[in-house]
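The chain contents come next:
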Amino acid sequence: MTMEVSIPATPDYTMGFGEGAVDHLGRATADSHARHLLPYLRSGLRVLDFGCGTGTISVGLAAAVAPGELHGVDMEESQVRLARCAAKAMGLDNAIFHVGDATDLPFDDGFFDVVHSHRVLIHIPDTRSALAEAKRVLKPGGIISCREMICESSFVFPDFGGTRRSWDMFEDLVRADDGHPQMGKEMKGYLVQAGFENIRVTASFNTYNSLEEIAVVYDLIDRFLLSDEIVEAAIKYGASSEELCNDIRASYDKWKNHPGAFCGHAYGEAIASKPLN
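In this report, we go over the structure that sits alongside the text.

1. Details of the packing of aromatic side chains
Then step 1. Taken as a whole and assessed by the stated rule, the structure comprises eight aromatic pairs.
Then step 2. Taking 6.4 Å as the distance between ring centres and 85 degrees as the angle between the ring planes, the aromatic pair formed by W167 and F170 counts as edge-to-face. Residue W167 and its partner F170 are both found in helix α6 (residues 163-176); the two are separated by three residues, about one turn of the helix. Comparing W167 with F170, the two get one shared label, buried.
Then step 3. Taking the centre distance of 6.3 Å and the plane angle of 75 degrees together, the rings of F170 and F224 count as edge-to-face. Pair noted here: F170 is in helix α6 and F224 is in helix α8 (residues 211-225), with a separation of 54 residues, a long-range link.
Then step 4. Judged by relative accessible area, F224 falls into the buried class, the value being 6%.
Then step 5. Taking NZ or CZ as reference, R46 lies 3.9 Å from the ring centre of F111, over its face.
Then step 6. The lysine or arginine in question, K256, covers the ring of Y218, its NZ or CZ lying 4.2 Å from the ring centre.

Written out as structure tokens, the structure is:
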């Protein structure tokens, strides 16, 4: 399924909705990016996936709880259209997608058994409001699952001078949009403050090693981080310069052909529960 999307990045969502970012995020699945949550799912549960994007994780969660409902929410209508297409392609009639705001969810109190988010809190300036809304729509005893990036622990090897600096550039862009590039390490504290309990935190990597996977990372750099739109924003925010972007491109050109090329994206992942009273 391919659908061309070309929408400018919003001021509060660093990744934007250009083809490079959308294609990369659309490779995520429940098995590859929400594995820590799957043992908690069973038939009949009602699940919320906020910041669902193109729905490629959502549909795996929907399949795991069928005939229970999966509701996906995303602020961008084009992403919701893609998510609906993904559910239709898999024949899932229990996956329902909505355009909405994670800090103002269109659901009653205690509506869900499980709330899930992946790589979302990193981009939401008001983390406390987002978690308060997640807690509100959860049933007492329900669980929240969050998986967020730890940018400073992510790596590209070998480093030809510009690869580590590409992460610095991305982190600076996230901060410029009032985001949290190390949220994967910070979210336990936020969950405690939000009043969740039984918090279990782990960490994992999504790794890129094969020729095909290395090409995926290079494509992300080429079509997202070094796209005209992102470079212009990075220079405007002081997160980069034309010289730095040229160095990053030259480094990745060398890296993609190196026999030892390896990349790892680091994540913190948490499961927590809403108190019974």
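2. Considering the nonpolar core
Then step 1. Counting residues in hydrophobic clusters, the biggest one holds 57 residues, and the most contacted among them are L48, F50, V115 and I144.
Then step 2. The biggest single contributor to this core is α8, with eight residues.
Then step 3. Not counting residues up to four positions away in its chain, the partners in contact with L48 are H71, V73, L105, F107, F112, V114, V115, H116 and V137.
Then step 4. Listed in part, the 24 residues of the second largest apolar core include A28, V47, A62 and A87.

3. Things to note about the pattern of salt bridges
Then step 1. Here the structure, examined in full by the defined rule, presents 15 salt bridges.
Then step 2. For D31, the salt bridge goes to R35, with nearest N and O atoms at 3.3 Å.
Then step 3. Assessed through its relative accessible area of 53%, R35 is described here as exposed.
Then step 4. A salt bridge links D113 to K139; its shortest N-O distance comes to 3.1 Å. One end of the pair, D113, is in strand β4 (residues 112-118); the other, K139, is in strand β5 (residues 138-149), with 26 residues separating them in the sequence.
Then step 5. With a relative accessible area of 18%, D113 lands in the buried category.
Then step 6. What makes K139 partly exposed here is its relative accessible area of 32%.

4. A short note on the environment of A261
Then step 1. Examined against the element boundaries, A261 turns out to sit in the loop between α10 (242-255) and β8 (262-273).
Then step 2. Measuring from C-alpha to C-alpha, the distance between A261 and S210 comes to 8.7 Å, with 51 residues separating the pair along the chain.
Then step 3. Once residues within four sequence positions are removed from consideration, A261 is found in contact with F157, P158, N209, I214 and W255.

Thresholds, definitions, all that
Within each chain, residue numbers correspond to sequence positions counted from 1 in written order. Whole-chain, interface and lining totals are the exception, using all residues; otherwise, since this is a predicted model, local features are given only for residues with pLDDT of at least 70 and side-chain atom pairs are given and counted only at 80 or more. The side-chain numbers reported here are obtained from all heavy atoms of the structure, hydrogens and water having been left aside. For this analysis, a ring pair means two rings from Phe, Tyr or Trp (six-membered ring only for Trp) whose centres lie within 6.5 Å, classed as stacked if their planes differ by under 30 degrees, edge-to-face if by over 60, and tilted for the remaining angles. The way it works is that DSSP assigns letters per residue, a run of H or I at least four long becomes a helix, a run of E at least two long becomes a strand, and they are numbered from the N terminus. In this scheme, a residue with accessible area under 20% of its type's maximum is buried, one over 50% is exposed, and one in between is partly exposed, where area comes from a 1.4 Å probe on protein chains only. Each ring is checked for a lysine NZ or an arginine CZ that lies within 6 Å of its centre and within 35 degrees of its normal; such an atom marks a charge sitting over the ring. Among buried residues, those of type Ala, Val, Leu, Ile, Met, Phe, Trp, Tyr and Cys that are joined through side-chain atoms within 4.5 Å constitute a nonpolar core. Working rule for contacts: check all heavy atoms of both residues, and any pair within 4.5 Å makes them a contact. A carboxyl oxygen of Asp or Glu within 4 Å of a side-chain nitrogen of Lys or Arg is what we treat as a salt bridge.

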